[in-house]
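Residues per chain, in single letters:
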Amino acid sequence: MFFPNFSDLKISSDTSIVSIFSPDEIISILRLTESILMEENSLLEISAPLKIIGDLHGDFHNLIRLFDLIGTVPKEKLLFLGNYVDIGMDGIEVSVLLFCLKIRYRDRIFLLKGNHEIPAVNKMYGFYTECDMKYGPGIWWDFQCCFNRLPLACLVSQKVFCVHGGLSPELTSLQEIRDIQRPSEPISSGLEMDLLWSDPTNRGDGWFQSYRGISYLFGKRVVDEACKRLNISLIIRSHMVVPDGFEVMNGRRLITVFSVANYAGNAAAVLCVNEKLEVTHQKLTAPYPLLQVPAFPLTANLDSTIALSDMKQVKIFLKF
Ligand SMILES: [Mn+2]
């Protein structure tokens, strides 16, 4: 099988992927990736140091700029928190590059599932149309077979819990995530849906109805209790656009990271976790004029005053 040289891909990033890979080559990449993903647990358990990347949303140029900034595998260990496709029109390029890197360096790059790696979602938000335009609609199904095998969460050095969305009222032990069988397609409600869809809120302590109309919002007390119950010290998740690309919330126990610059006038960030589990960040500013993308329902409805005061609290804990 043909593996692209990374720098070749970079040079040809203006060239359509259709001229690089035939449909059969794409399907081979997907099948190989699926077999590797199925050797992994639904809860990945890996160790720091590593870098953690949030939503990418089909922006291939953004991904290449990120690699230029943060380095790539095998030198760096990378954990991606999902949402590879939709909104941007290069979801195939983004996923296929990450899958190729996974095939080549399976112990250096880890890919979690996001709420857009669900067929009902990426049929509506652009990925189906992209597949149809580039390779015909059939290949969209092949991607779903790969997406539904992605792991759902990751525990870093036994202490940092990483997930696309957030916590769940049904998450009483990490074993429940290990027990999730894949391939899986979560529907309507339950643990798997919450891991992909829930959001933190600074507006209260408990569980609240989500403005997304799906899953929940969870407050500071829920985060504190989960840290105790799961014996973790920090939650890192993506799923929401935040102005600086990262935002510390719910006291100092939760960080949101979002890695597409200019999704809604925002910077992109990547979190770096060292051996001592200290967290720093690398930041990508928006390089071109604001792209007007309708932000709802992905944008957080945060009270920025409260979020800022949270940030002040955590200076001792986090070395930015
Ligand atoms: Mn999301």
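Everything numeric in this text was worked out from a predicted model, so none of it was measured. (Residues numbered from 1 in each chain as written. Predicted model: local features only at pLDDT ≥ 70, side-chain atom pairs only at ≥ 80, totals over all residues.)

S.K.: Is there a simple way to explain the overall build of the chain in this structure?
M.R.: When you go through the chain residue by residue, the secondary structure sums to eleven helices and 14 strands. Split into buried and exposed, the 320 residues of the chain put 45% on the buried side. When contacts within the chain are restricted to residue pairs at least 6 apart in sequence, long-range pairs at least 24 apart make up 72% of them. (Helix = DSSP H or I, 4+ residues; strand = E, 2+ residues; numbered from the N terminus. Buried ≥ 20, exposed ≤ 12 C-beta atoms within 10 Å, placed from the backbone. Contact = placed C-beta atoms within 7 Å.)

S.K.: Before we go on, may I ask you to explain the nonpolar core in this structure?
M.R.: Membership of the largest hydrophobic core comes to 88 residues, with the highest contact counts inside it found for Ile52, Leu112, Ala153, Cys162, Ile236, Val257 and Leu271. With eight residues, helix 4 (residues 91-104) is the largest single contributor of residues to this core. Filtering out sequence-adjacent residues up to four positions away, Leu112 remains in contact with Phe80, Leu81, Gly82, Leu150, Pro151, Leu152, Ala153, Cys154, Val163 and His164. (Core = buried A, V, L, I, M, F, W, Y, C linked by C-beta atoms within 7 Å.)

S.K.: Is there a simple way to explain the sheet that holds strand 5 (residues 153-156) in this structure?
M.R.: Either a parallel or an antiparallel arrangement is found when strands of a sheet pair, and the pairing is made through backbone hydrogen bonds. Overall, mixed pairing links the six strands, which are arranged 1-5-6-10-12-11 in an open sheet. At either end of the open sheet lies a strand with only one pairing partner, and these are strand 1 (43-46) and strand 11 (246-249). On average, adjacent strands in this sheet sit at an angle of 20° to one another, irrespective of strand direction. Pairing geometry for strand 1 and strand 5, over four bridges, is parallel. Across the sheet, the residue bridging to Leu44 is Cys154, located in strand 5. (Pairing = 2+ DSSP bridges. Axes fitted to C-alpha atoms, helices over the stretch in contact; angles between N-to-C directions.)

S.K.: Explain the UniProt feature "domain: Serine/threonine specific protein phosphatases" (unreviewed entry) in the chain here, please?
M.R.: The UniProt record marks residues 112-117 with the feature "domain: Serine/threonine specific protein phosphatases" (unreviewed entry), using the residue numbering of this structure. Across residues 112-117 one finds 0% helix and 0% strand; the C-alpha atoms that close the span lie 10 Å apart. (UniProt positions renumbered as here; feature names shortened; annotations may be inferred.)

S.K.: Explain the pairing of strand 6 (residues 160-163) to me, please; I cannot follow it from the model alone.
M.R.: Sheet faces and side chains relate simply in a regular strand, where the side chains alternate between the two faces. Across the two faces of strand 6 the burial is the same, with Val160 and Cys162 and Phe161 and Val163 all buried. Pairing of strand 5 with strand 6, which is carried by four bridges, proceeds in the antiparallel orientation. In the strand pairing of strand 6, Ala153 is matched with Val163. In this structure, the hairpin formed by strand 5 and strand 6 is closed by a connection of three residues, where Ser157 is found at a positive phi of approximately 50°. Of the strand pairs in this sheet, strand 6 and strand 10 (residues 234-237) are connected by four bridges, and their pairing is parallel. Across the sheet, the residue bridging to Val163 is Arg237, located in strand 10.

S.K.: Would you mind showing me how to read helix 4 here?
M.R.: Owing to its 3.6 residues per turn, the α-helix aligns residues three or four sequence positions apart on the same side. Over its 14 residues, helix 4 runs 20 Å from end to end, which matches the ideal 20 Å to within 8%, given 1.5 Å per residue. Where burial is concerned, most of helix 4 is hidden: twelve out of the 14 residues are buried. All buried positions along helix 4 are accounted for by Gly91, Ile92, Glu93, Val94, Ser95, Val96, Leu97, Leu98, Phe99, Cys100, Leu101 and Lys102. (Expected span 1.5 Å × (residues − 1).)

S.K.: Is there a simple way to think about the packing of helix 2 (residues 23-37) against helix 7 (residues 138-147) in this case?
M.R.: Packed helices, taken two at a time, are described by their axes: the angle between them and the distance between them. Look at helix 2 against helix 7: their axes get within 9 Å of each other, and the N-to-C directions meet at 15°. Viewed along their axes, helix 2 and helix 7 adopt a mutual orientation that is roughly parallel. Considering how the two elements wind past one another, helix 2 and helix 7 form a crossing that is left-handed. Taken together, the residues of helix 7 that come into contact with helix 2 (itself represented by Pro23, Ile26, Ile27, Leu30, Thr33 and Glu34) are Ile139, Asp142, Phe143, Cys145 and Cys146. By residue class, the composition of the contact of helix 2 with helix 7 is eight nonpolar, one polar and two charged. (Parallel < 35°, antiparallel > 145°, perpendicular 65-115°, else oblique. Left-handed = near helix turned anticlockwise from the far one by under 90°. Nonpolar A, V, L, I, M, F, W, Y, C, P; charged D, E, K, R; others polar.)

S.K.: Any chance you could explain unusual backbone geometry here in plain terms?
M.R.: Note: most peptide bonds trans; most residues except glycine with negative phi. Residue Val73 is joined to Pro74 through a cis peptide bond whose omega torsion reads 5°. Summarising the element assignment, Pro74 is placed in the loop between helix 3 (60-70) and strand 3 (78-80). With an omega of 0°, the peptide bond running from Arg182 to Pro183 counts as cis. Within the secondary structure, Pro183 sits in the loop between helix 8 (175-178) and helix 9 (191-197). Here Ser157, not a glycine, exhibits a phi torsion of approximately 50°, which is positive.

S.K.: So what exactly am I meant to see when it comes to helix 7 here?
M.R.: Within the sequence span of helix 7, burial applies to Trp140, Phe143, Gln144, Cys146 and Phe147. Taken around the axis of helix 7, the buried residues stretch over an arc of 160°, which confines them to a single face. The outward face of helix 7, more than 90 degrees from its buried face, is lined by the exposed residues Gly138 and Trp141. (Arc of directions from axis to C-beta.)

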